[in-house]
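Next come the chains, spelled out residue by residue.
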Amino acid sequence: MITTTKDTFSFSRLLMVLRHDIEQDWKDLSFKTLAVLGLLAGGLLIGLFMGHPFGVYDMQVLNWFQSWFMFIFVVGSWVMASEVLKSFSSKTRAVNAMMLPATRSEKFLSRVVIATVGYIIMVLVALAATEVIFLALRPMFDIQGDSSMFVYVIHHTFVPEIHSKFVDDAGNLIDIEMTVVGAFCSITTTSWIFSVFALGSSLWRKHVFVKSLTMMFVISSLINFSIGWFIVASMKEDIYNVPNMLILMGIITGVLTIANWIVTYQLYKRRQIISMCPISKKR
């Protein structure tokens, strides 16, 4: 029989479900952590060998590695998001998930926490291990400098610095650093893309990543077209500048993120019923 609980949130039940999900998927999570470590270490070695014949400075290696890390981190987050509803990938897993004495919101939140907080922890562990590899290879490649790879990558990845240059009425070139606005736009855009893949996990059971990636590109094209139209329409006015466009992009993606998560949760509740139905078919 399916256990029922009061429709109220309980942090202790959430921890119970979270522990269950981690114990069920610990092999898969460990494999993903090792995969991220392997990719990061591979990117580090490529950067070292590319720059070794010409003399390597730590900032050269860190700039290359930060770009590589960002690519791996983003694509990895898409993979994790596309597996948010992995507990419903088969009928057996679906039944086991529904038998847990917890509310739907707690079960759903547990999967989201693993795909977000859990993924960040996995990446940080892999990055720390890569830092150890980098320190061990410094003498071999005669790398000049003593910068910390871990600190550099974290700072430049999660605190983006965006510059806006314009000429004022006196003809002076003004360079404004928009760390706050840039971070806002970066966070909302990343969150929206993540929510698109999470939505895909609730829409499809097969080839979720490829289908979600296609959906993301289609929606992104529509957003870019709309913003492009806005730029053309505002060229004659004084409202077109980089900060305004970043804020507009952040607002649009923020609203879409909230909408995606609402739809994802509603489809998740619906799938709990369909998964128990004998005539349900995989899509």
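Residues numbered from 1 in each chain as written. Predicted model: local features only at pLDDT ≥ 70, side-chain atom pairs only at ≥ 80, totals over all residues. Heavy atoms only, no water.

Student: Which residues make up the overall build of the chain, and what values go with them?
Tutor: For the chain, the count of helices and strands is eight helices and two strands. Secondary structure elements of the chain occur, N-terminal to C-terminal, as α-α-α-α-α-β-β-α-α-α. Taking all 283 residues of the chain together, the buried fraction comes to 37%. Within the chain, counting contacts between residues at least 6 apart in sequence, those at least 24 apart form 74% of the total. Accessible surface, the chain: about 15,900 Å² in total, of which carbon and sulfur atoms supply 71%. (Helix = DSSP H or I, 4+ residues; strand = E, 2+ residues; numbered from the N terminus. Buried < 20%, exposed > 50% of the residue type's maximum accessible area, 1.4 Å probe, protein only. Contact = heavy atoms within 4.5 Å. Areas by Shrake-Rupley, 256 points an atom, 1.4 Å probe, with all protein chains shown as cover.)

Student: Let's hear about the layout of surface pockets: which residues, and what values?
Tutor: Gaps left between atoms show up when a probe the size of a water molecule is rolled over them. What the largest pocket holds in volume is close to 390 Å³. Only helix H2 (58-81), helix H4 (104-141), helix H5 (149-158) and helix H6 (179-203) provide two or more residues apiece to the lining of the largest pocket. Here the lining of the largest pocket is composed, by residue class, of eleven nonpolar, six polar and no charged. (1 Å grid on protein atoms, 1.4 Å probe; cavity = no way out; pocket = protein on both sides within 12 Å on 5 of 7 lines; lining within 4 Å. Points joined across faces, edges and corners; volume = space filled by probe spheres on them. Nonpolar A, V, L, I, M, F, W, Y, C, P; charged D, E, K, R; others polar.)

Student: Give a description of the pattern of salt bridges that names residues and reports values.
Tutor: Inspection of every chain in the model, using the stated rule, returns six salt bridges. A salt bridge links Glu106 to Arg13, with the nearest nitrogen and oxygen atoms 2.9 Å apart. Of this pair, Glu106 sits in helix H4 while Arg13 sits in helix H1 (residues 11-51), placing them 93 residues apart in sequence. One exposure class covers both Glu106 and Arg13, and it is buried. Among the ionic pairs, Arg111 bridges to Asp25, the shortest N-O distance being 3.1 Å. In this pair, Arg111 sits in helix H4 while Asp25 sits in helix H1, placing the two residues 86 residues apart along the sequence. Given a relative accessible area of 6%, Arg111 falls into the buried group. One salt-bridge network, in which partners are shared between bridges, spans Asp21, Asp25 and Arg111. (Salt bridge = Lys/Arg side-chain N within 4 Å of Asp/Glu carboxyl O.)

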